[in-house]
Structures are given as structure tokens and as C-alpha cells.
Protein chains: 2
Amino acid sequence: MQNLLKVYQQVQPHIHKTPVLQSRLLNEATQASVFLKCENFQKTGSYKPRGASNAILNLSEEQRSKGVVTHSSGNFAGALSLAAKNLGVKAYIVMPSSAPEIKRKAVFEYGGIVTISGPTLAEREMASDKIQKETGATFIHPSNDLDVIDGQGTACYELLQEESNFDYIIAPIGGGGLIAGTCLFANAFSPSTKVIGAEPLEVDDAYRSLISGKIETNETTNTVADGLKTQLGSHNFPIILKHLEQVVRVSEDEIVAAMRFVWERMKITIEPSSAVAVAAVFKEPALFKNKKVGVIISGGNVDVTKLPF
Amino acid sequence: MQNLLKVYQQVQPHIHKTPVLQSRLLNEATQASVFLKCENFQKTGSYKPRGASNAILNLSEEQRSKGVVTHSSGNFAGALSLAAKNLGVKAYIVMPSSAPEIKRKAVFEYGGIVTISGPTLAEREMASDKIQKETGATFIHPSNDLDVIDGQGTACYELLQEESNFDYIIAPIGGGGLIAGTCLFANAFSPSTKVIGAEPLEVDDAYRSLISGKIETNETTNTVADGLKTQLGSHNFPIILKHLEQVVRVSEDEIVAAMRFVWERMKITIEPSSAVAVAAVFKEPALFKNKKVGVIISGGNVDVTKLPF
């Protein structure tokens, strides 16, 4: 607990304290009392600067002087670039050639040094290894890194500071960093709150991993929730296995309907990965009816010309 | 001023105090210091319950017992229905047969009693006259009514309570209710602030009305800003003529670009009519550069399956 407080104190100056929103319409529709922790309003449009900042802040002066490196085509690339820039550290970002132009541009704007690799994981890792060797930069994994996990959990901490006595807190599960961090902070600061993971039915590796007790992979990644296609890792899985109450899986239609509900009725833009967590509340009234439910809205980065509506 | 304060005091229990948002990205892009008064988060998704509530609250008990009637295909229909419901008053709403199903549904949900008329203004007025005669209900115009105008101005009042020393406050101009109310409150509580109207180039009746000194009509209404196709009225035009600094006109491309900026970068959904006011800030750096600018975001009611992106 002391350690997690220290994490929050060191991360806090580098992030926005995002709002916690309620909606009468959402409460009526779900029959629950729902509080959205809106990380779509976070710097870079997702929660990821929390973990990126914490990871860099835990490096030694010598490590910082050599920079950090990651490979990501998504929100972590921008988050690490911004966090590094704000701390005067170089960020080397390996992006696959398949990454959308808009994401490359964002990384560039935040001052990240981009290397384009081939699209496969092996090609990305090779490019990243090469940079590590040449520069001495420290590799920071987007989700399977204990400092990153701790940092991501600070969103849950802020939610618990603003509201107490949650029956449930829900977060989407992608690579496992956010859900593991949420588990750690909820367990430490609100032990009676149960943490629930939300996953697309089409990419239900975490659901299956909890059943089998080992990290399962995905055979298909056929989901609109582009941030949730990755699998759990060796550092976050034990935390998830220990603390997570259960995983609620939702269909693609349910994801899109929840996203549309939040956009149209609450007037905020959330990305499909976040809508997965909202869809979970709609999906399981047996679990959530008349309960106090926190939902981590993980981000709002969407190309509005390519919407699933 | 005393009167306007009284307006706010009587309206305030019936509305949300909506947030005033800032964005570093928007400030950088416009080179101004911009504060958005977010009426997209207002009840029914637009500022209109302010004026609707005020108009009903100013009726006598006898008038209230007979109900209110309006004709509207847009946000005012839902706003009057909700305001009436909350005050225990019947609301008769004439909607043209061309009104989208989703709007009829909203009015129904808020308890309005819907009459479908033919699509022309004459047909709508005839249906509304008939209801007045049969029920004794009081007609409340969506924008050309002094109580409605006063009520709409309370959004500006809340903005001025939260932030002071604005150089400019911008609101979109449709029927003229919002901009006239904004003029009244800005003039009373922040006389050094200039009020600017924003209009689509394609529907620039207010711009031409200010030049000619009489109410001009629109020959085309070819704009994405569906809330701004109406023209000024006899009650609001004199206020506008007296207090409005100028009208900034923006193209359809500029409206869509501003809307997209707010959706993608600020993560809130605003309707095209509101984007007109944001586009005005982008359009006129000569006016707004390094200035403190308030923008009334009038609403967020958009069918996300029919976006202009």
C-alpha cells in the first residue's frame, strides 16, 4: 500500500486527474449506479502515460541518459514519447509498417524517435533489440512490466479517492497492464471491491487463461476493439490470477451498441476498447443490478472517419 | 440585471450546471485561450431546457393548468416536453411528418403529446393554432419569445460566473434565441466582453440582417448545421442589433473540420451547429489571437450513423 501511494505521488505531477462522470441515462439503462473514470480525457487520449511515466521515473539517472525504447503501434507509443519528452529522456519507438499514419504522426509530435519495422512481432522485437544494443536504451514493455502495471493502476486510485464503496470496478483486458494495475490498487485501497475484466468474445484469451491457469493465446483477433488484441504476460498474469473476480465477455454487436450509447447519450467519445467495459455492465444485470460500479474508460482515440456505426 | 439574476435563480433548479472545458490542443491550434461552455452535457443534450423552463415558470397557475404548445422538429421539442413534465404541465408538440423518428421518440420519452403535421411551416402553424383553440394551451416559440431568450442566456451567465474577463463570447445563430440571450447577459454582467455570432456561410441570414437592419430570410439552407436553418424573429432581432459585435461566417468544410477536431482531440461529441462557433475561432485569428474567448457549445445531439466525416 505504501509503495502504491508512492507510485501515485511520483506519477501525479505528470498526468491529468481525469473526471469521474455519471449519467442518469446510463444508470437507468443498466439499472446500476455507474461511475466512469474518463481516461479518454487523459494526455494523449488514453491512460497509458500513467504507466509510461512511472517506468521512466523508476530508472536511474544513467539509464535515463541513454533513453527508453518500446515497440507499439498503438496508444503506448505516443504515451511513452510524451512521458519521455516531459522528463527530458529520449524515446525510441519501433512501429510496424502497418501502423496508421495518424499514430506515427502523433508519436512524431510528442518527440518520439520512430523506427519503422516489418509488421510481425519478430521483426518489431529485432528492431527494438538492435536499438537497445546500439544506444543502451532501456526497453519498456507496454503492458508486461511491473512499473508500467503500477502506473496504470493509478487511474483506479483516483477513482477510489473520488468515490468509495464500489461493489465492482471493471476495466478492459488487452495486454493485461491496466487490469493488473487496477487489481493491485483496488485490493490495497478498497479490499471489498471486486475487480472484473471485460473482453471481446472474439479475443477471449484472458477468460480462457483464468480457466486453464496459464497464458492462452488468441487464434483470431477479429474485434473492433483494436486495443485488446494482445495477450497477457508473465508479469501481469500472476496478479490477475490472484485478484481478478471474473471476466465478462461481450459480442461485437454489444461493444458497438455500448459505444454508440456513450457517444450519443453521454456526449463523450470513447474508443471501442473502452466500450467493451461499458458493454459488460449492460450484459450482466444479474451481477450489476442495483450495484455501485466503477468503469475505467481506457481511452478515446478513434478515427472518426472509420466508425463501426 | 436584477431581472436577469431572477431569471437565473428560477431556472437554475431545473437545469444542469454544465462544465466549462479547456483544451491545450485547442488553444495551441487557435492561438487563443478558449473556454467551452458545454451545453452538449445539458439535459436533453442542448441548452434549450433553459429557455423552455423559464417560459413555463413565467406562466400563471391558470395558464400552466392548460398546458403549453410549440412546433419544432428539433431540440426545442424535447426541451419543452421535459421542462413541462418536470413542472407538472402538459406539453403539446407539433412535429412535421419529416421529423426523424429518433426525435419523435425523444419527445415521447419526455412525456410530450405529439401531433404530426404536414412538413411546411404553414401546416405546422395551423396544427398548433388548432391545439391552442381546443385546449387553451399557451404557445411558446422556440426562439422568438422574450422569456425563452432570457432563459437561454443563463448558459452565458454560468460561463461568466466560472471565468471572467472574456474578450469575446461566441454563440451560433439559428433562430436567434441563444445569441440574443447571450447578448443580454454578457452586456449586464461583463460589459467589456464583445459578443460574436457564428453562422454558416450557406445560411447567413443574420449576417445580412445586421447589414440591412431588417430581418432577412434564407434562400438556401444547404448546411450540415441543421439547427441553424431558421431565421431571426421580431423579439430577438432588436436585441441582436443593439448588442452583437459582428457575425463570423464559416464554410461547410470549416464546420466539419472544427467538429472533427473537437470529437477527435477533445473527446466530446458536439453537434454541427456548435461546431460553427468553434470554427469561427479558427477562422479569424486576427480577431481572436491571444484573446480570452468563451464559446457556447449549444448541443451534442447527433445521429452517429449519419456523420459528415
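The structure presented is a predicted model; accordingly, all values stated were derived computationally and were not measured. (Residues numbered from 1 in each chain as written. Chains lettered and ligands numbered in written order. Predicted model: local features only at pLDDT ≥ 70, side-chain atom pairs only at ≥ 80, totals over all residues. Heavy atoms only, no water.)

Novice: Looking at this structure, I do not really get the side chain of Thr 182 of chain B. What am I missing?
Specialist: All names here are of chain B. Along the chain, Thr 182 falls in helix H10 (residues 177-189). You can call Thr 182 buried: its relative accessible area is 0%. With residues up to four places along the chain from it excluded, the contact list for Thr 182 reads Gly 153, Cys 156, Ile 169, Ala 171, Val 195 and Ile 296. (Helix = DSSP H or I, 4+ residues; strand = E, 2+ residues; numbered from the N terminus. Buried < 20%, exposed > 50% of the residue type's maximum accessible area, 1.4 Å probe, protein only. Contact = heavy atoms within 4.5 Å.)

Novice: Where do I start with the pattern of salt bridges in this structure?
Specialist: Any two side chains of opposite charge can pair, so long as their charged atoms come close to each other. Per the stated rule, a full pass over the model turns up 30 salt bridges over all chains. Linking Lys 37 of chain A and Glu 158 of chain A is a salt bridge whose minimum nitrogen-to-oxygen distance equals 2.7 Å. With Lys 37 of chain A in strand E2 (residues 33-38) and Glu 158 of chain A in helix H9 (residues 154-162), this pair connects stretches of sequence that are 121 residues apart. Considered together, Lys 37 of chain A and Glu 158 of chain A belong to a single accessibility category, that of buried residues. Residue Glu 158 of chain B pairs with Arg 50 of chain B through a salt bridge whose shortest N-O separation is 2.8 Å. Of this pair, Glu 158 of chain B sits in helix H9 (residues 154-162) while Arg 50 of chain B sits in helix H3 (residues 48-57), and the two are 108 residues apart along the sequence. (Salt bridge = Lys/Arg side-chain N within 4 Å of Asp/Glu carboxyl O.)

Novice: Any chance you could explain the sheet that holds strand E5 (residues 113-117) of chain A here in plain terms?
Specialist: Whenever strands of a sheet pair, they do so through backbone hydrogen bonds, lying parallel or antiparallel. Residues and elements named next belong to chain A. Read from one edge to the other, the open sheet built from four strands follows the order E5-E4-E3-E6, with strand pairing classed as parallel. Each edge of the open sheet is held by one strand with a lone partner, namely E5 and strand E6 (138-139). When strand E3 (residues 68-71) meets E6, the two strands line up parallel, connected through two bridges. Looking at E6, one finds that Val 68 is bridged to Thr 138. (Pairing = 2+ DSSP bridges.)

Novice: I'm lost on the environment of Ser 46 of chain A in this one. Help?
Specialist: Residue and element names in this part refer to chain A. Tracing the backbone through its elements, the reader meets Ser 46 in the loop between E2 and helix H3 (48-57). Given a relative accessible area of 0%, Ser 46 falls into the buried group. Here the alpha-carbon distance between Ser 46 and Pro 19, two residues 27 residues apart in the chain, equals 13 Å. Setting aside chain neighbours within four positions, we find Ser 46 in contact with Glu 39, Asn 75, Ser 298, Gly 299 and Asn 301.

Novice: Help me understand the relation of the copies chain B and chain A, please; the structure alone is not making it clear to me.
Specialist: For the pair of chain copies, the relating transformation is a rotation about an axis with a translation along it. The transformation that overlays chain B on chain A combines an axial shift of 0.0 Å with a rotation of 180 degrees, and the residual RMSD is 0.0 Å. The symmetry that links the two subunits is that of a two-fold axis. Minimal C-alpha distance to the rotation axis in chain B is attained by Ile 268 of chain B, lying at 2.1 Å. In this assembly, 100% of the residues forming the interface of chain B have copies in chain A that are likewise at the interface, indicating an isologous arrangement. (Least-squares fit on C-alpha atoms with pLDDT ≥ 70 in both.)

Novice: Before we go on, may I ask you to explain the sheet that holds strand E5 (residues 113-117) of chain B in this structure?
Specialist: All names here are of chain B. Strand order in the open sheet formed by four strands is E5-E4-E3-E6, with parallel pairing between adjacent strands. Each having just a single partner strand, E5 and strand E6 (138-139) make up the two edges of the open sheet. The sheet contact formed by strand E4 (residues 91-96) and E5 spans five bridges and is parallel. From the neighbouring strand, Pro 96 faces E5, where its bridge partner is Ser 117.

Novice: Quick question: what am I supposed to make of the nonpolar core here?
Specialist: Buried together is how nonpolar side chains tend to be arranged in soluble globular proteins. Counting 74 residues, the largest nonpolar core has Ile 170 and Val 295 of chain A together with Ile 170 and Val 295 of chain B as the members making the most contacts within it. Excluding anything up to four places from it in sequence, Val 295 of chain B contacts Val 34, Phe 35, Leu 36, Lys 37, Ile 170, Ala 277, Val 278 and Val 281 of chain B. The next biggest cluster of nonpolar side chains, apart from the first, holds 34 residues, and it includes Ile 149, Ile 179, Phe 185 and Leu 232 of chain A. (Core = buried A, V, L, I, M, F, W, Y, C linked by side-chain atoms within 4.5 Å.)

Coordinates in, geometry out; function isn't part of it.
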